[in-house]
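These are the residues of each chain, in order.
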Amino acid sequence: EDQVTQSPEALRLQEGESSSLNCSYTVSGLRGLFWYRQDPGKGPEFLFTLYSAGEEKEKERLKATLTKKESFLHITAPKPEDSATYLCAVHGQGGKLIFGQGTELSVKP
Amino acid sequence: KAGVTQTPRYLIKTRGQQVTLSCSPISGHRSVSWYQQTPGQGLQFLFEYFSETQRNKGNFPGRFSGRQFSNSRSEMNVSTLELGDSALYLCASSATYRGSSGNTIYFGEGSWLTVV
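Residues numbered from 1 in each chain as written. Chains lettered and ligands numbered in written order. Predicted model: local features only at pLDDT ≥ 70, side-chain atom pairs only at ≥ 80, totals over all residues. Heavy atoms only, no water.

### Brief notes about the nonpolar core
- Within the largest apolar cluster, 24 residues are counted, with the highest numbers of intra-cluster contacts made by Leu33, Trp35, Leu73 and Tyr86 of chain A.
- Of all elements in the fold, only β2 (10-14), β3 (19-26), β4 (33-38), β5 (45-50), β7 (62-66), β8 (70-75), β9 (84-91) and β11 (103-108) of chain A reach the threshold of two or more residues within this core.
- Those residues in contact with Leu33 of chain A that sit more than four places away from it in its chain are Cys23, Tyr25, Phe48, Thr49, Leu50, Leu66, Ser71, Cys88, Ala89 and Val90 of chain A.
- Formed by 21 residues, the second largest nonpolar core is a distinct cluster that contains Leu11, Trp34, Val78 and Tyr89 of chain B. (Core = buried A, V, L, I, M, F, W, Y, C linked by side-chain atoms within 4.5 Å. Buried < 20%, exposed > 50% of the residue type's maximum accessible area, 1.4 Å probe, protein only. Helix = DSSP H or I, 4+ residues; strand = E, 2+ residues; numbered from the N terminus. Contact = heavy atoms within 4.5 Å.)

Here it is in structure tokens:
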């Protein structure tokens, strides 16, 4: 069964303290792994799509990497405005997106 | 370029009633999918439409239904509402069929449904 697990569930950082979020997945035939950011009361905002092991993508303080079993979202020198829930998803059977439970990131000044 | 637009943003319904939610995809996008988000279950796939045809369906009861119009706009309907249907309902659009690689999926702000 296709499955996505994110860790940790919650992460508290000080401003400038770099860290990584993990997304482990089990899917038959990966056709894309997605990272989204979701602010309270809003819809998920698209960040990255990764397709093959070894692929990396960057956007400002965020960098996403992909292996055959997991993806990491690295946050370098985070700022309070990076506080949000970060969601990972994969294309599962039949093409539907399967989401992890998310990591709630809090960055304190 | 306008994003995915969902209406209404907030609504309160009574148990047993029905509700219809609307979604306008990004201009040029032909695929629309719907998700339910709750604190306990997270984001769960409801169904996907492409070119007015339902292509995929999640594990939800038949009370949940949807349709897509020729202009790609979509509606979802929930009949005989239950308290457990209270959730954020999210619509997402993409240019092509979601199973295709290179297909970015964008979400709307969602419709908050409260069933009392």
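### Comments concerning the packing of aromatic side chains
- With the rule as written, the count across this model stands at 11 aromatic pairs over all chains.
- With a centroid separation of 6.0 Å and an interplanar angle of 70°, the aromatic rings of Phe99 of chain A and Phe107 of chain B are classed as edge-to-face. Note that Phe99 of chain A is positioned in strand β10 (residues 97-99) and Phe107 of chain B in strand β10 (residues 106-107), a pairing that runs across two chains.
- The buried category is assigned to Phe99 of chain A, whose relative accessible area is 8%.
- Residue Phe107 of chain B is classed as buried on the basis of its relative accessible area of 10%.
- These aromatic residues form a ring-pair network of at least three members: Phe34, Tyr36, Phe46 and Phe99 of chain A together with Tyr35, Phe45, Tyr106 and Phe107 of chain B. (Phe/Tyr/Trp six-rings, centres within 6.5 Å; stacked < 30°, edge-to-face > 60°.)

### Focus on the interface of chain A and chain B
- With 19 residues of chain A at the interface, the matching set in chain B holds 25 residues.
- Taken together, both faces of the contact between chain A and chain B bury some 1700 Å²; the carbon and sulfur share is 51%.
- Where chain A touches chain B, the interface holds zero salt bridges.
- At the junction of chain A with chain B, the criterion picks out five residue pairs in polar contact (both at pLDDT 80 or more). (Buried area = accessible area lost by both parts, 1.4 Å probe. Salt bridge = Lys/Arg side-chain N within 4 Å of Asp/Glu carboxyl O. Polar contact = N/O pair within 3.5 Å; in protein donor to acceptor, adjacent residues only side chain to side chain.)

### Description of the state of the cysteines
All names here are of chain A.
- Throughout the structure, instances matching the rule amount to two disulfides over all chains.
- The disulfide partner of Cys23 is Cys88, and the gap between their sulfur atoms is 1.9 Å. Between Cys23 and Cys88 the disulfide shows an S-S torsion of about -60°. By sign, it is left-handed. Of the two residues, Cys23 sits in strand β3 while Cys88 sits in strand β9, which places them 65 residues apart along the sequence. (Disulfide = S-S within 2.5 Å.)

### Here's the deal with the environment of Tyr25 of chain A
All names here are of chain A.
- Residue position: Tyr25 is located in strand β3.
- Tyr25 gets classed as buried once you look at its relative accessible area, which sits at 9%.
- Between the C-alpha atom of Tyr25 and that of Ser71, which follows or precedes it by 46 residues, the distance is 8.2 Å.
- Apart from the residues lying within four places of it in its own chain, the contact partners of Tyr25 are Gln3, Val4, Leu30, Leu33, Leu66, Thr67, Lys68, Lys69, Glu70 and Val90.
- Within the local environment of Tyr25, its side chain forms a polar contact with the backbone oxygen of Lys68, the two atoms lying 3.0 Å apart.

### A few points about the pairing of β8 of chain A
All names here are of chain A.
- Here β8 shows one buried face, formed by Ser71, Leu73 and Ile75, and one open face, formed by Glu70, Phe72 and His74.
- Taken together, the five bridges between β7 and β8 define a ladder with antiparallel strand orientation. Paired with Thr65 across the two strands is Phe72, which belongs to β8.
- The turn joining β7 and β8, which pair antiparallel and follow one another in sequence, is formed by three residues. (Pairing = 2+ DSSP bridges.)

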